[in-house]
Every structure is written in structure tokens, then in C-alpha cells.
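Structural overview for review
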Amino acid sequence: MSLFESGEMYLETILILSREKSAVRSVDVAESMSFSKPSVSRAMGILKKGGYISIDTLGHITLTDSGREVAERIYERHNVLSKILMCLGVDEKTATDDACKMEHYISEASFSAIKRHLAEHGELPE
């Protein structure tokens, strides 16, 4: 199953929330993303069917290995792109908003070049 931008955003949000909370539920995702509970519930069903998440009997959401791989890739892109934009003088809010859009579409070649550039200048985010 191939993911669209929205699926990647859900996975990234689950990853971030799982680093902040011991258990992530659909309501947490809905709150974080400012989406309706029914929209999130539908998306969780699609992600579960695609093998990107599992949901236990208490409604706790866990990323599968493939879901974690996608989420970490998108999250890394977000952090790196935000950093490069801020290094160029873009304010933090605009940089993070723009990185959120760019992270889904930038080619691997361009992203690798940006990472190399930041690493050479000791600016690569963790």
C-alpha cells in the first residue's frame, strides 16, 4: 500500500505523540492535528489495514516496523528542512510550516545533499 501525504502526516504525528505519551489513542491524534474524531478514526482504519499501525483492545495505537520507518523518515525530513530554512533566515514558524509541506515531495537526492551540507557545517539536527 502506498501512502499519500495525509497518511505520512498521521504516522509522523503518532511517532511524535508516542515520544511524549506512554499510550497514543485516536483522540490524541485528532487533538494534535485538529482533525475530527471520525476523520482520524477512518484514517486509523486505513493505516491499520495497510500494516502501518496496530491498535490494541484499549484503543492504543502502535507503529509497526514499516509505519515507524515511514514516520521516522518524514520526521527527519521535517527537522532537517526546518533547520536549513532557519539557517537561511526564515523565522521558525514559517520554516516549520514550509518544511511540513516540503518533507513529502523532496527527492532523496536533494534531501541527501541538504543533509550533507548541514553535516559539513555542523548544523545537522538530531
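Residues numbered from 1 in each chain as written. Predicted model: local features only at pLDDT ≥ 70, side-chain atom pairs only at ≥ 80, totals over all residues. Heavy atoms only, no water.

Let's talk about the layout of surface pockets
Quick note on the threshold: Using protein atoms alone on a 1 Å grid, points that fit a 1.4 Å probe yet trap it form a cavity, whereas open point sets bounded by protein on both sides within 12 Å along at least five of seven lines form a pocket; residues with an atom within 4 Å of a point count as lining. Grid points are joined across faces, edges and corners, and a volume is the space filled by probe spheres set on the points. Runs of H or I in DSSP of at least four residues are treated as helices and runs of E of at least two as strands, each being numbered from the N terminus. Under this grouping Gly is polar, as are all residues other than the nonpolar Ala, Val, Leu, Ile, Met, Phe, Trp, Tyr, Cys and Pro and the charged Asp, Glu, Lys and Arg.
Volume-wise, the largest pocket comes out at about 260 Å³. Looking at the largest pocket, the residues that line it are Met9, Glu12, Thr13, Ile16, Ser32, Met33, Tyr75, His78, Thr96, Asp97 and Cys100. When contributions to the lining of the largest pocket are tallied by element, the ones reaching two or more residues are helix 1 (5–20), helix 2 (26–33), helix 4 (65–87) and helix 5 (92–102). Top contributing element to the lining of the largest pocket by residue count: helix 1, with four residues. Here the lining of the largest pocket is composed, by residue class, of five nonpolar, four polar and two charged.

Concerning the pattern of salt bridges
To keep things clear, this is the line we draw: What counts as a salt bridge is simple: a side-chain nitrogen of Lys or Arg found within 4 Å of a carboxyl oxygen of Asp or Glu. When accessible area is computed with a 1.4 Å probe and restricted to protein chains, residues below 20% of their type maximum are described as buried, those above 50% as exposed, and intermediate ones as partly exposed.
Under the definition given, this model contains eight salt bridges. Lys115 is the salt-bridge partner of Glu76, the closest N and O atoms lying 2.7 Å from each other. Within this pair, whereas Glu76 is found in helix 4, its partner Lys115 is found in helix 6 (residues 108–120), the two being separated by 39 residues in sequence. What makes Lys115 partly exposed here is its relative accessible area of 25%. Within this structure, Lys21, Arg25 and Asp28 form a network of salt bridges that share partners.

What about the nonpolar core?
Note the cut-off: Working definition of a nonpolar core: buried Ala, Val, Leu, Ile, Met, Phe, Trp, Tyr and Cys residues. They are joined through side-chain atoms within 4.5 Å. The contact criterion used is simple: two residues touch if any of their non-hydrogen atoms lie within 4.5 Å.
Of all hydrophobic cores here, the largest spans 22 residues; its most connected members are Tyr10, Leu11, Val29, Met44, Leu47 and Ile53. In terms of residues, this core owes the most to one element, helix 1, which gives six residues. Each residue touching Met44, except ones within four places of it in the same chain, is listed here: Tyr10, Ile14, Ser26, Val29, Ile53, Ile55 and Ile61. In this structure, Val80, Leu85, Ala99 and Ile106 belong to the second largest nonpolar core, which totals nine residues.

Details of the side chain of Glu8
Mapped onto the fold, Glu8 is located in helix 1. Once you skip the residues sitting within four places of it in the chain, Glu8 turns out to touch Leu3, Val70, Arg73, Ile74 and His104.

Focus on the environment of Ala43
Turning to its location among the elements, Ala43 is positioned in helix 3 (residues 37–49). With a relative accessible area of 11%, Ala43 lands in the buried category. Residues Ala43 and Met33, 10 residues apart in the sequence, show an inter-C-alpha distance of 12 Å.

A few points about the environment of Glu123
Along the chain, Glu123 falls in the segment after helix 6. You can call Glu123 partly exposed: its relative accessible area is 30%. Setting aside residues up to four positions removed in sequence, Glu123 forms contacts with Lys83, Cys87 and Leu118.

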